[in-house]
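# Tertiary structure, described
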Amino acid sequence: MGKAEFEQSLASGRHQVLASMSGNWEGATRVWFEPDQPPVMDVRQRGTLRSVLGGRFLLHEYRYGEGEQAGEGIALYGLHLDEDAYEAAWVDSFHTGSAIMFSTAHADDSGFKALGSYGDGQGGPRWGWRTEIAQPAADELVITMFNITPDGAEARAVETRYGRVMRVTNG
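What this report covers is the structure whose coordinates are included nearby. (Residues numbered from 1 in each chain as written. Predicted model: local features only at pLDDT ≥ 70, side-chain atom pairs only at ≥ 80, totals over all residues. Heavy atoms only, no water.)

Another aspect to go through is the overall build of the protein chain. The helix and strand tally for the protein chain stands at two helices and ten strands. Listed N to C, the secondary structure of the protein chain is α-α-β-β-β-β-β-β-β-β-β-β in terms of helices and strands. The globule rule puts the C-alpha radius of gyration for 171 residues at 16 Å, and the 16 Å found for the protein chain is close to it. With respect to the principal axes defined by its C-alpha atoms, the protein chain has extents near 45 × 35 × 25 Å. Expressed as a percentage of the 171 residues in the protein chain, the buried residues total 37%. Long-range pairs, those at least 24 residues apart, make up 40% of the contacts in the protein chain between residues at least 6 apart in sequence. Roughly 9,500 Å² of accessible area belongs to the protein chain as shown, and the carbon and sulfur atoms make up 51% of that amount. (Helix = DSSP H or I, 4+ residues; strand = E, 2+ residues; numbered from the N terminus. Rg over C-alpha atoms; globule rule 2.2 N^0.38 Å. Buried < 20%, exposed > 50% of the residue type's maximum accessible area, 1.4 Å probe, protein only. Contact = heavy atoms within 4.5 Å. Areas by Shrake-Rupley, 256 points an atom, 1.4 Å probe, with all protein chains shown as cover.)

Scanning the model with the defined rule gives ten salt bridges in all. Note that Arg130 is salt-bridged to Glu132, the shortest N-O span being 2.8 Å. Using a relative accessible area of 16% as the deciding quantity, one classes Arg130 as buried. For Glu132, a relative accessible area of 22% translates into the label partly exposed. Asp139 is paired through a salt bridge with Arg164; the nearest N and O atoms lie 2.7 Å apart. With Asp139 in the loop between strand E8 (127–137) and strand E9 (140–148) and Arg164 in strand E10 (residues 154–166), this residue pair connects regions lying 25 residues apart in the sequence. Each of Arg30, Arg156, Glu159 and Arg161 takes part in one network of salt bridges that share partners. (Salt bridge = Lys/Arg side-chain N within 4 Å of Asp/Glu carboxyl O.)

A few words on a negative patch on the surface. Taken together, the side chains of Glu5, Asp82, Glu83 and Glu87 make up a negatively charged region of the molecular surface. Here Asp82 is to be found in the loop between strand E4 (71–80) and strand E5 (85–92). (Patch = residues over 30% accessible without salt bridge, like charges linked within 9 Å, V, L, I, M, F, W, Y side chains within 5 Å. Lys, Arg positive; Asp, Glu negative; His and termini not counted. Charge placed at Lys NZ, Arg CZ, Asp CG, Glu CD.)

Sheet topology places strand E2 (residues 41–52) next to strand E3 (residues 57–64); eight bridges connect them, and they run antiparallel. Along E3, the bridge assignment pairs Leu49 with His60. Hairpin geometry of E2 and E3 is characterised by an intervening segment of four residues between the two adjacent antiparallel strands and by a positive phi of about 55° at Leu53. Taken together, the eight bridges between E3 and E4 define a ladder with antiparallel strand orientation. Its bridge partner lying in E4, Arg63 is registered against Glu72. Counted along the chain from E3 to the antiparallel partner E4, the turn is six residues long, and its residue Gly65 has a positive phi close to 65°. (Pairing = 2+ DSSP bridges.)

Given two aromatic rings, their pairing is described by the distance between the two centres and the angle made by the two planes. Following the criterion strictly, the structure yields eight aromatic pairs and no others. Where Tyr77 meets Phe112, the ring centres are 5.3 Å apart and the plane angle is 70°; that geometry is what we call edge-to-face. In this pair, Tyr77 sits in strand E4 while Phe112 sits in strand E7 (residues 112–118), placing the two residues 35 residues apart along the sequence. Of the residues examined, Tyr77 reaches a relative accessible area of 3% and is grouped as buried. Among the residues examined, Phe112 registers a relative accessible area of 4% and is labelled buried. Each member of the aromatic cluster is reached from another via a ring pair, and the members are Trp90, Tyr118, Trp127 and Trp129. (Phe/Tyr/Trp six-rings, centres within 6.5 Å; stacked < 30°, edge-to-face > 60°.)

Okay, structure coming up:
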């Protein structure tokens, strides 16, 4: 796709939706290790999402928790117009260790969703990891990540619920 398609997407399409998420955000992050158990982590999180490279991508930088539960991460979200796919690259001091998780999924009108995978560190089958981003209101953002076992069972693993502190308009 060419420049005109990108400009249209930025003006009134999916890139515009991504850009609308730009801002300073505060909220809470919860982490689950077992599906039917209480969260093992429930901490405050602050993050900045900003449109970069002329609105082509959304950069998410964040910090959460305190003490032993403190961590930080960076995610780059985008929409690959030629492939009609959402894409993400994610690093986090707790969740991904020294790995970069790459995720992608066919784009549809249900919002940002991207699917990646990771190894178990012991040579076993890979596990899936799905990231979904929803913006139920202009000043609310929910980022949910799901663990997917090798046999396909899914369970919520991480959920960040943000409230906007300040809108950021750079790109």
